[in-house]
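Spelled out from the first residue to the last, the chains are:
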Amino acid sequence: MFSAALLLTTTNVAAEVNQKPRIIPELTSWTGAEGWLSLSGRYVVLSDGLLQVAATFASDYQQLTGQPMKRRHGHPRHGDIVFVSKKHDTMPLEGYQLSTGERSVEISSPSPRGAFWATRTLLQMLATQAEGPSMKEKSKSVPQLPCGKAIDIPQYRLRGFLFDVGRKYIPMDYLRQLVRLMGFYKMNTLQLHLNDNGFKKYFDNDWLKTQAAFRLQCDTYPGLTATDGSYTKQEFIELQLLAEENGVEIIPEIDSPAHSLAFTHYRPDLASAEYGMDHLDLGNPDVYTFMDGLFREYLSGSPLSPPVFRGPRVCIGTDEYSNARQEVVEQFRAYTDHYLALVEHYGKQPTLWGALTHARGTTPVRHEGVLMNCWYNGYAEPDSMRSLGYQLVSIPDGLVYIVPKAGYYYDYLNCEYLYANWTPATIGNKHFAEQDPQIEGGMFALWNDIPDPTITIADLHDRIVPALRTIAAKTWTGQMVSMTYSDFVETEKALQLAVESFIITINN
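Basis of the calculations
Each residue is numbered by its place in its chain's sequence as written, counting from 1. For a predicted model such as this one, the threshold for reporting local features is a pLDDT of at least 70, and the threshold for listing and counting side-chain atom pairs is 80 or more; totals across whole chains, interfaces and linings nevertheless cover every residue. Derived side-chain values reflect all non-hydrogen atoms in the structure, with water molecules and hydrogen atoms excluded from consideration. By definition, any uninterrupted DSSP run of H or I lasting at least four residues is a helix, any uninterrupted run of E lasting at least two residues is a strand, and each is numbered from the N terminus. The span one expects for a helix is its residue count, reduced by one, times 1.5 Å. Burial classes: relative accessible area under 20% of the type maximum marks a residue as buried, over 50% as exposed, and values in between as partly exposed (1.4 Å probe, protein chains only). Side-chain atoms within 4.5 Å are what join buried Ala, Val, Leu, Ile, Met, Phe, Trp, Tyr and Cys residues into a set we call a nonpolar core. Two residues qualify as a contact provided that any one of their heavy atoms is within 4.5 Å of a heavy atom in the partner residue. Bend, in this description, refers to the angle at a residue between axes fitted to the seven residues ending there and the seven starting there. Here the rule is simple: two strands pair whenever DSSP picks up at least two bridges between them. Definition used for salt bridges: Asp or Glu carboxyl oxygen within 4 Å of a side-chain nitrogen of Lys or Arg. Here, axes are lines fitted to C-alpha atoms. For helices the fit covers the stretch in contact, and angles between N-to-C directions go from 0 to 180 degrees. Working rule for angles: under 35 degrees goes down as roughly parallel, over 145 as roughly antiparallel, 65 to 115 as roughly perpendicular, anything else as oblique. We call a crossing left-handed when the near helix sits turned anticlockwise from the far one by less than a right angle, and right-handed when that turn is clockwise. Residue polarity follows a fixed list, in which Ala, Val, Leu, Ile, Met, Phe, Trp, Tyr, Cys and Pro are nonpolar, Asp, Glu, Lys and Arg are charged, and the others, Gly among them, are polar.

Visitor: An account of helix 4 (residues 172–184) is requested, with residue identities and associated values reported.
Guide: For helix 4, which comprises 13 residues, the first-to-last C-alpha distance of 19 Å matches the rise-based estimate of 18 Å (1.5 Å per residue) to within 8%. The buried count for helix 4 comes to 11 of 13 residues, which makes it a mostly enclosed element. Along helix 4, the positions that sit buried rather than exposed are Met172, Tyr174, Leu175, Gln177, Leu178, Val179, Arg180, Leu181, Met182, Gly183 and Phe184. Once helix 4 ends, the next one or two residues include Lys186, with phi positive near 65°.

Set out below in C-alpha cells:
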C-alpha cells in the first residue's frame, strides 16, 4: 500500500520540480517536471504485443491500490496510462521510457519485458508516494503520479538468484510467489538447483544414509524422484509460465557428475568407487546412457507437446569433481563437453559451473555461446575463462553465498558492503570494467547445506529478501546507484508493505 513520501532531494533543483522517485532498483535516469497527474483508472494499449503486460499491471494495480484499472478502447484521455511498443535509439530490449505528462502516462519499450519493468516502476512509485489519507480512506482517493520522464536501462543483462531446492524441498507455492517478488524488483533469472545431496559427515559418514534428492517428476526412471517433496512436470511448466509473465527466466539445473548421490542411490552401479558415491564413475559408459536419458526427458518435445524445460537456458552443473588424477580430469572435460553439446542440440543455451581451471587438460570443451557461473576463482579463473570466450555470470562465493545456520559463508548477506562496493564486474579478487560485454550479469545464491528441519521457509525468506533487493540494485543500476544505504533501507521498508499487500504470504 502507500507509505511515507520518498523523493530524493537536491539543492540545485527548484522545489516545484518533482525529484527522482525512490524505488528499487533505482532509476538510471530521471528528468523531473512540475505537477502531478491524477490517474483515471483506465489504460489504453496501442500495441497488441503489450496486451498481457497491461492486463497483469491492471490486476496488480487493483490489488495495490484497492481501485479498478480498466481497459479503454480508442484514443487516450486525461489520466489514462498508455502502452506502446517503440524502438528507442541505443535502448536495449529490457529498457523502457516512462513519461508522465499533464494529460497521460506513456509506457514505451522495445519489448514486452521492458514494458513490464516500467509497470513495476509505476507500482513502486505509487507505493512510495506521499502519505495522505488513512489506509481506509486511500481506497477512495485518486492515485497520482509525479510528472517527469524516466529512461531506465539495466546495466547488466542477467540479474539473478540461485536457489538450492535439491537439499531442501521448497514448496511450489513459495516458488510461485518468489517469481512475482523477483519481477517486482526487476530480477530476471531464477536458477533452480534441482538435485543435490547432504554431506556424509552429518549422516554417520554413511553414503547410504546421506540425504539426496532429485526434485522433478521422472518417467524415464520411475522411483528416481524424491519422496520427501517434488514437483510434477505440469507444476514446473506452470511455474515457468508464471515466471515468464513476471519477466523472470527459470534456468533448471541438473547437477552432475559430482553432487550426484540422488542418481547413485537409484543406480549404485554408476557411483565412483575411487572418489565417493556422490561422484559418478566417468569411466562407466552406462553413466552417459543414464544421464542422456534424464536430460532428454525434459529437453525433448514436439509442436503438440513442448518440452518441460521451456526457457532458453539449461544448466548442466559440473562443479567440484575430483581432479586427483589427470586421466579423470580428461574424462571430466569430455563429459562436460558432451552435455554442453546435448543441450545445444535441443536449441538451448547451455550454462555450467566454472571448473576448468581446476580441471586443466587437453580435451576440448566448447565455449562459444556457453554461459559460465564463476563462483570461485580457484576453480575457474575469470580472466582465463573470458579469454577462452565464455560469457560469465558473477556469483563469487565469498560475497554472495548464503548458507543458513552453517557457520561459513553468510547466514545473511552483508548487504551494506555489497551496496557500497560490489557490482557483477567484481568476481572474487578480480575486477573487470563495468559493462564488460562478456560479463552477462550477477547472481546471489542460497544453499541448504545444513540438514536442519527447524529452518523454515520463513527463515529462508527472511534471508532472501534483503539480498534480492540489494543484488537487484547492483545489477540493474550498478555503479550508478546514488541513494545512500540508509535511504535504500528506508525505501525497502516502504516497499515491504506493498509486497505484503499483493505479492507474497509465507506459509511454513
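Moving on from the model shown.
Visitor: Describe the nonpolar core, listing the residues and the values that go with them.
Guide: In this structure, Phe163, Met291 and Phe444 are the most contacted members of the largest nonpolar core, which totals 153 residues. Among the elements that line this core, the one with the most residues is helix 12 (residues 457–476), at 10 residues. Once residues within four sequence positions are removed from consideration, Phe444 is found in contact with Gly160, Phe161, Leu162, Met187, Ile395, Val400, Ile402, Leu413, Ile464, Ala467, Leu468 and Ile471.

Visitor: Just give me the short version of helix 13 (residues 485–502), but keep the residues and values in it.
Guide: Over its 18 residues, helix 13 extends 26 Å from the first C-alpha to the last, a length consistent with the 26 Å expected when each residue adds 1.5 Å. Remark: the principal bend of helix 13, roughly 25°, maps to Leu495. Among all positions in helix 13, only Phe488, Thr491, Glu492, Ala494, Leu495, Ala498, Val499 and Phe502 are buried. The inward-facing, buried residues of helix 13 abut helix 1 (51–65), helix 2 (112–127), helix 4, helix 11 (415–421) and helix 12.

Visitor: Report on the pairing of strand 6 (residues 105–109), specifying residues and quantitative values.
Guide: In terms of burial, strand 6 is a largely internal element, four of the five residues being buried. Sheet analysis places strand 4 (residues 81–85) next to strand 6, joined by five bridges and oriented parallel. The residue of strand 6 that forms the bridge with Ser85 is Ser109. Sheet analysis places strand 5 (residues 96–100) next to strand 6, joined by four bridges and oriented antiparallel. Bridge pairing in strand 6 places Ser99 opposite Glu106. Linking strand 5 to strand 6, which pair antiparallel, is a turn of four residues.

Visitor: I'd like to hear about the pattern of salt bridges, residue by residue, with values.
Guide: Once their charged atoms are close, side chains differing in charge can pair, the charge on each being opposite to the other. For the structure on display, the rule yields 28 salt bridges. With its nearest N and O atoms 2.9 Å apart, the salt bridge here joins Arg325 to Glu327. A residue is classified by how much of its surface remains accessible, and Arg325, at 34% relative accessible area, is partly exposed. Among the salt bridges present, the one from Glu344 reaches Arg366, with a minimum N-O distance of 3.1 Å. Of this pair, Glu344 sits in helix 8 (residues 326–345) while Arg366 sits in the loop between strand 16 (349–353) and strand 17 (371–374); the two residues are 22 residues apart in sequence, bridging distant segments of the chain. Classification of Arg366 by relative accessible area gives partly exposed; the value is 30%. If you follow the salt bridges from partner to partner, you end up with Arg157, Glu249, Arg313 and Glu440 in one network.

Visitor: Mind laying out the sheet that holds strand 3 (residues 70–71), listing which residues take part and the relevant values?
Guide: The pairing of strands in a sheet comes from backbone hydrogen bonds and takes either a parallel or an antiparallel form. Spatial strand order, 1-7-5-6-4-2-3: seven strands in an open sheet with mixed pairing. Two strands bound the open sheet, and with one partner strand each, they are strand 1 (30–38) and strand 3. For strand 5 and strand 7 (residues 144–152), the ladder comprises five bridges, and the chain directions are antiparallel. Residue pairing for strand 7: Gln97 is matched across the bridge by Ile151. Contacting strand 2 (42–45), strand 3 and strand 4, helix 1 runs over the sheet at an angle of about 170° to strand 2.

Visitor: Explain the packing of helix 12 against helix 13 residue by residue, including any values.
Guide: Look at helix 12 against helix 13: their axes get within 12 Å of each other, and the N-to-C directions meet at 120°. Taken together, helix 12 and helix 13 sit at an angle that is classed as oblique. As helix 12 packs across helix 13, the resulting crossing turns out to be right-handed. Note on element contacts: helix 13 touches helix 12 through Phe488, Glu492 and Gln496, opposite Val465, Pro466, Arg469, Thr470 and Ala473. Of the residues belonging to the contact of helix 12 with helix 13, the class tally is four nonpolar, two polar and two charged.

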